[in-house]
Each structure stands twice: as C-alpha cells, then as structure tokens.
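# Structural features, examined
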Amino acid sequence: MNSEKSSFLKIRLSSIHPSTQLTFSIYVLINGKFTLYLRSGDKLTFEKLQLLDSKAQGDFFYVQVSEWVAYKTFIQEQINSSEIAPLEKAQILKASSMAIVEELFEHPDVNVALDSSRPIIENFVTFMQAEPEAMAHLIGLSGHDFYTYNHSLDVSIYALGLGKALGMNPKELEELGLGSLFHDIGKRNVSLDILCKKGPLSKDEWTIMQLHPQYGYVILNANPTITDAMKAACFEHHESFQGNGYPQQLQSHEIHPHARIVAITDTYDALTTQRSYNTPLMPLDALVMMKEKIHGRYDPDMLNAMYSVLFNQKKSNAS
Ligand SMILES: [Fe+2]
Ligand SMILES: [Fe+2]
C-alpha cells in the first residue's frame, strides 16, 4: 500500500472545470485500493462529478505521478483560457494547490512532494502578472477556515503579495513563494499528538515543536533543487527582528529577507484564521496587534508594506 501510495498524488476535483476533456486519468481510493474512475479522454460531466463524489472516500482523487505533467499542463491551460473568469481561475489555482500542499506533509516520499509543488508557485506568479486583480482574488480566498496545510498555502499567497509590493521580480517571487510554502515542512517530523493538541503545550512538547525549523532545513538540504533562500525562509522564519527568536537568535538584517517576510505572513495567517481554540482577528486588528503589541518581532518596513498588500487592493468579491 505504501509503495502504491507513493506513485499517486492527490488532486481536488474542484481544480477541474466541468465539461473539459481530461488529458490524464483520475483514480479514487476505495477500500484501500486505487481504482480507475475516469480515463484520459473522458469528460468530467456534472453527473460523473456526482457519482465520483458519492463513491470516493473523503475529499480525494488521485493522479498517477507518471501523469503529473499532464495534470499540470491541464491546470495551466485552464488558467490561460480566455473563457474562464479571473475569480474562477483563482479558485481553480487554489484548489489545484491545496491537495498538493497536503502531500508536502503526508506523501511517503518528501522529494516527490517537493518537486510536484514547484509548479504551484510558478502558476501563482504567472497568474499575478497576467491578471492585475489576481492578488485580491487570491487573498479573498485565503484565511477563513483553518487547517495546517491550508496555512502553508495561505502564508505563501500573502508572501507573494508582500514580495510584489516590495518590488521583487518574478524569479525572486518564485523562490519566495516556494520557501514560504515549505516553511513548516519540518512539522512532518513532529508527532500529531503535539501538532494537534488542543490547549497549551507542556515545556517538553514546546521544545520539540521548536525544532521544526531545523527539521525543515535537513529535509530541504537533502534536495538539490532547493536554493539557499528557500532554506533560509524555512530555517529562519521564527527568528525575531529584535533578536530573541529561535533557533539562532539572529537579529534585524542578519535574518534573510525571505524569512522576515514569512515571519510576518505566518503570524498574520495564524491570527486571522479560525482554529478550534481561538477567535480569529479581523485583518486590520491583526496588523494593529502585530504593530503595537508584538512590534519588535518584525521588520518595520515590511510590516508597513503589508498594509498596502491587504488594504490597497481593489476589493475582491471572493471574500
Ligand atoms: Fe513555523
Ligand atoms: Fe507556520
């Protein structure tokens, strides 16, 4: 089962616009077995969508790793299509990304998951360049409900917005987007008991939790396609601008700029998202809190730029 599982990747059906002809096959997991449901060449009709929904276990549908390129191209074509509205494109992008971000934490082979998540960020960056209101749509789709994987994607979307506001070029944005997508990948090595514990962690549990930047560094360092900036976004995202963060107690500009960005978007997402034990803050309240109560932790210029990312956007009707 485990070896079979490593040759499939999750997708969300909402990443596929109905009535488009598939260029890859879709599988569902029934009683622990991957079962072919739609063959390449079939069309995803509304009736089939309903049938798939009732047969499959959970939310998930799968594509073989060997057909991943076809799936990726398919998503790209939907994003480039002039027949699909920008908000729908943003929804497709988000849906296509969410399943693969889950794989970052669950797929047996982390390197397969790392490699397959690369196009997510390329697609976001292209989309941002092509559709001037893209960021507002994407931000409008972020931050309402919480689960760990969604967190990685939302942190990454906010980071792209902030990076763009700070004048980064598409190449830098891609590096930043991937680094922020991977920032918590070290949590793969932290037990679910600790990750999902309701209420405060004990001292020992907290010590383990605080190791996730190091764990992440080790995972990323083993993959030759990961750049230093991406490793820094992961390893240094819990450093604090005033020098009392972890694990290295770096301060101000010793902290890599990508990690300074992730520090902001990470906290912002945690404060504005519903978890079982907190009430989410409204966007402005979250930024005011970061500025006034915990201000020493963030790069002040970047924090100011975050205001423009969130409030100078044309309002998206997605939210
Ligand atoms: Fe973290
Ligand atoms: Fe995080």
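Quick look at the structure, then. (Residues numbered from 1 in each chain as written. Chains lettered and ligands numbered in written order. Predicted model: local features only at pLDDT ≥ 70, side-chain atom pairs only at ≥ 80, totals over all residues.)

Next up on the list: the pairing of strand S4 (residues 61–64). The pairing of strand S1 (residues 8–11) with S4 spans four bridges and is classified as antiparallel. The residue of S4 that forms the bridge with Ile11 is Phe61. Pairing of strand S2 (residues 26–30) with S4, which is carried by two bridges, proceeds in the antiparallel orientation. Each bridged residue has a counterpart across the sheet, and for Tyr27 the counterpart in S4 is Tyr62. (Pairing = 2+ DSSP bridges. Helix = DSSP H or I, 4+ residues; strand = E, 2+ residues; numbered from the N terminus.)

Note that the residue after Tyr246, namely Pro247, is joined by a cis bond; omega there is 5 degrees. Inspection of the secondary structure assignment puts Pro247 in the loop between helix H12 (228–235) and helix H13 (257–272). A positive phi angle, close to 45 degrees, is found at Asn31, a residue other than glycine. Of note, Asn31 is situated in the loop between S2 and strand S3 (33–38). The class of Asn31 is exposed, set by 6 C-beta atoms lying within 10 Å. Phi at Gln249 is positive, roughly 50 degrees, even though this residue is not glycine. Inspection of the secondary structure puts Gln249 in the loop between H12 and H13. Residue Gln249 is classed as exposed on the basis of its C-beta count, with 12 C-beta atoms lying within 10 Å. (Buried ≥ 20, exposed ≤ 12 C-beta atoms within 10 Å, placed from the backbone.)

The next point concerns the environment of Glu239. Here Glu239 shows up in the loop between H12 and H13. Judged by the 26 C-beta atoms lying within 10 Å of it, Glu239 falls in the buried class. Separated by 10 residues in sequence, Glu239 and Gln249 have C-alpha atoms that sit 6.1 Å apart. Each residue touching Glu239, except ones within four places of it in the same chain, is listed here: Gly245, Gln248, Leu250, Ile255 and Ala259. (Contact = placed C-beta atoms within 7 Å.)

Let us now look at the nonpolar core. Generally speaking, nonpolar side chains in soluble globular proteins are found buried as a group. If you look at the biggest cluster of nonpolar residues, it comprises 76 residues, and the most contacted ones within it are Val63, Phe124, Ala159, Leu160, Leu162, Ile264 and Met306. In contact with Phe124, other than residues within four places in its own chain, are Leu93, Ile157, Leu160 and Gly177. (Core = buried A, V, L, I, M, F, W, Y, C linked by C-beta atoms within 7 Å.)

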